[in-house]
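# Observations on the model geometry
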Amino acid sequence: MSGARWERDARRRIRDMFADAGVRGWLHVAELRRPAACVTIDPDEPVPVGSVYKVPLMVTFCRLADSGAIDPGRRVTLGAADRIPGPTGVSILQDEVTMSLRDLVVLMMTISDNTAAHVVQRQVGTAAVEAVCRSLGMPDTHIHGGAATTFERLVTETGAPSLSVAMRHLADNDTTVPADVYNPLRKASATPADMARMLRAIWTDRAASAASCAFMRDIMGRQPWGHRLASGFPYDDVTVSGKTGTFGSMRHEAGVVELADGSAYTAVVFTQAARADSRLPRADAVIGAAARTAVEELRGNEGT
C-alpha cells in the first residue's frame with residue numbers, strides 16, 4: 001500500500017475511534033529517530049494543554065541548572081501562602097515542608113503537583129520557558145502563567161465566586177461554558193507537533209545536557225497514571241513515559257513508547273470530550289488506543 005494511502009487509512013481509523021469515545025482528538029505519533037514517519041491528526045493546531053505545560057517547564061529548569069543559573073539542590077520552605085489548588089503533593093499538605101528545587105520538579109512531573117510547578121515556575125520565569133520553546137522549534141507553545149494563571153482566568157471567565165464553583169461549572173453538562181475557557185490564547189497551550197519535538201529532544205539528549213535529559217526521562221517514566229497512554233501498551237516489556245494533562249473536558253498525554261525491540265515512538269494525543277463529566281473512562285482510554293493504532297500502522301509500513 002502506498003504511503004499516502006496507509007496514512008489516510010490510519011487517520012480515518014483513529015478519527016473513528018475518537019468519535020466512538022465521544023471526543024475530538026488531536027494526534028502526533030512518530031518514530032523517535034525518523035520523525036518524518038508519522039501519523040497525525042491536526043498536529044499544528046494549538047490546544048489548551050493543562051498540566052502538559054510542565055514538560056517545557058521541566059526542560060527550562062534543567063537548562064538553567066546546566067548553565068549554573070539555578071542551583072537544583074537549593075532548598076525552599078513552602079507554607080500555606082505558597083500553595084495553589086491541586087489534588088496531589090504539596091498542594092494538599094497542611095504543614096510547612098522543605099525540599100530542593102530538583103525534588104519539586106520530580107513532584108510536578110510524577111504526580112503533577114500544581115504547587116511544585118508553581119514554585120518552579122517562579123524560579124525560572126515564564127520568559128525563560130518561552131525562550132527555550134523557541135530554541136527547540138516550538139513556535140506555538142506558550143505557558144502563560146501556568147496553573148495559577150489558568151485558575152485565576154477561569155474564575156473570571158465563568159463569573160464564579162471561587163475556583164471550586166468555577167470547576168463545578170465546567171463539569172456541569174447543563175451549563176454553557178464561555179468560549180474563552182478553552183481559548184488556547186488565554187491558557188497554557190501547545191500543538192501536538194510542538195510537544196513531539198520537545199519529547200524527541202529529551203530522548204536524543206538535545207533538550208539539555210545528557211545528564212539532565214537522563215534525569216528527565218527517568219522522572220517521566222515514574223508517572224503513576226496508567227489510564228491514558230499506557231493503557232494502550234499493557235505489556236511488561238514496553239516502557240511508557242509521559243505527562244498527562246487535564247482541564248475541564250480536555251484530557252491529554254504526551255509521552256514516549258519504547259518497545260522491546262529497541263524501537264521508540266513519540267506519542268502526543270490531545271482530546272476534548274463532548275460531555276463535561278469529570279470521569280469518562282472511554283475518553284481516557286482512547287488516548288492509549290489511538291496511540292497504539294498509530295504505532296502499529298507505523299511498524300506495519302516501515303520503509304514505505
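To start, this report covers the structure provided alongside it. (Residues numbered from 1 in each chain as written. Predicted model: local features only at pLDDT ≥ 70, side-chain atom pairs only at ≥ 80, totals over all residues. Heavy atoms only, no water.)

### Things to note about the layout of surface pockets
- Each pocket or cavity is described by its volume, and for the largest pocket that value is around 1,000 Å³.
- Lining the largest pocket are 38 residues, and of these P87, M167, G245, T246 and F247 lie nearest its centre.
- Sorting the residues of the lining of the largest pocket by element identifies α6 (146-158), α7 (163-170) and β7 (239-247) as the ones contributing at least two each.
- The element that contributes the greatest number of residues to the lining of the largest pocket is β7, accounting for five residues.
- Of the residues that constitute the lining of the largest pocket, the class distribution is 17 nonpolar, 14 polar and seven charged. (1 Å grid on protein atoms, 1.4 Å probe; cavity = no way out; pocket = protein on both sides within 12 Å on 5 of 7 lines; lining within 4 Å. Points joined across faces, edges and corners; volume = space filled by probe spheres on them. Helix = DSSP H or I, 4+ residues; strand = E, 2+ residues; numbered from the N terminus. Nonpolar A, V, L, I, M, F, W, Y, C, P; charged D, E, K, R; others polar.)

### A closer look at the state of the cysteines
- Throughout the structure, instances matching the rule amount to zero disulfides.
- As a non-bridged cysteine, C62 has C213 as the owner of its nearest cysteine sulfur, 7.6 Å distant. (Disulfide = S-S within 2.5 Å.)

### A short note on the pairing of strand β9 (residues 264-273)
- Of all the ten residues making up β9, nine are buried; the element is thus mostly covered by neighbouring parts of the structure.
- In terms of strand pairing, strand β1 (residues 23-31) meets β9 through nine bridges, oriented antiparallel. Opposite R24, over in β9, you have Q272 as the bridge partner.
- Note: strand β8 (residues 250-258) against β9, nine bridges, orientation antiparallel. (Buried < 20%, exposed > 50% of the residue type's maximum accessible area, 1.4 Å probe, protein only. Pairing = 2+ DSSP bridges.)

### Focus on the packing of aromatic side chains
- This model, assessed by the stated rule, comprises one aromatic pair.
- When the ring of Y182 is compared with that of F247, the centres are 5.7 Å apart and the planes differ by 70 degrees; the resulting orientation is edge-to-face. Residue Y182 is located in the loop between α7 and β6 (189-190), and its partner F247 is located in strand β7; the two are separated by 65 residues in the primary sequence. The same class applies to Y182 and to F247, which are both buried. (Phe/Tyr/Trp six-rings, centres within 6.5 Å; stacked < 30°, edge-to-face > 60°.)

### Considerations on the nonpolar core
- In terms of nonpolar packing, the biggest core is built from 67 residues, with M58, L104, M108, I202 and M216 touching the most fellow members.
- Per-element tally for this core: the top contributor is helix α8 (residues 192-203), with seven residues.
- Residues within four places of L104 in sequence aside, it is in contact with V76, L78, M99, A116, V119 and V120.
- One finds F18, V29, L259 and A273 within the second-largest nonpolar core, a separate group that totals 30 residues. (Core = buried A, V, L, I, M, F, W, Y, C linked by side-chain atoms within 4.5 Å. Contact = heavy atoms within 4.5 Å.)

### Some remarks on the packing of α8 against helix α9 (residues 210-220)
- Remark: α8 packs on α9, axes separated minimally by 8 Å, with the N-to-C direction vectors making an angle of 115 degrees. Contact with α8, carried on its side by L199, A201, I202 and W203, involves C213, M216, R217 and M220 of α9 and no other residues of that element.
- Here the residues of the contact of α8 with α9 sort into seven nonpolar, no polar and one charged. (Axes fitted to C-alpha atoms, helices over the stretch in contact; angles between N-to-C directions.)

### Some points on the pattern of salt bridges
- Per the counting criterion, the structure on display carries 17 salt bridges.
- Its salt-bridge partner being D82, residue R122 comes within 3.3 Å of it at the nearest N-O pair. Taken as a pair, R122 in helix α4 (residues 114-124) and D82 in the loop between β4 (75-78) and β5 (97-100) lie far apart in primary sequence, 40 residues in all.
- Exposure remark for R122: the relative accessible area of 46% places this residue in the partly exposed category.
- Relative accessible area serves as the criterion here: at 17%, D82 is assigned to the buried category.
- Between D277 and R275 there is a salt bridge, with the nearest N and O atoms lying 2.9 Å from each other.
- On the basis of relative accessible area, R275 is assigned to the partly exposed category, the value being 46%.
- Through salt bridges with shared partners, one network takes in R24, D42 and E45. (Salt bridge = Lys/Arg side-chain N within 4 Å of Asp/Glu carboxyl O.)

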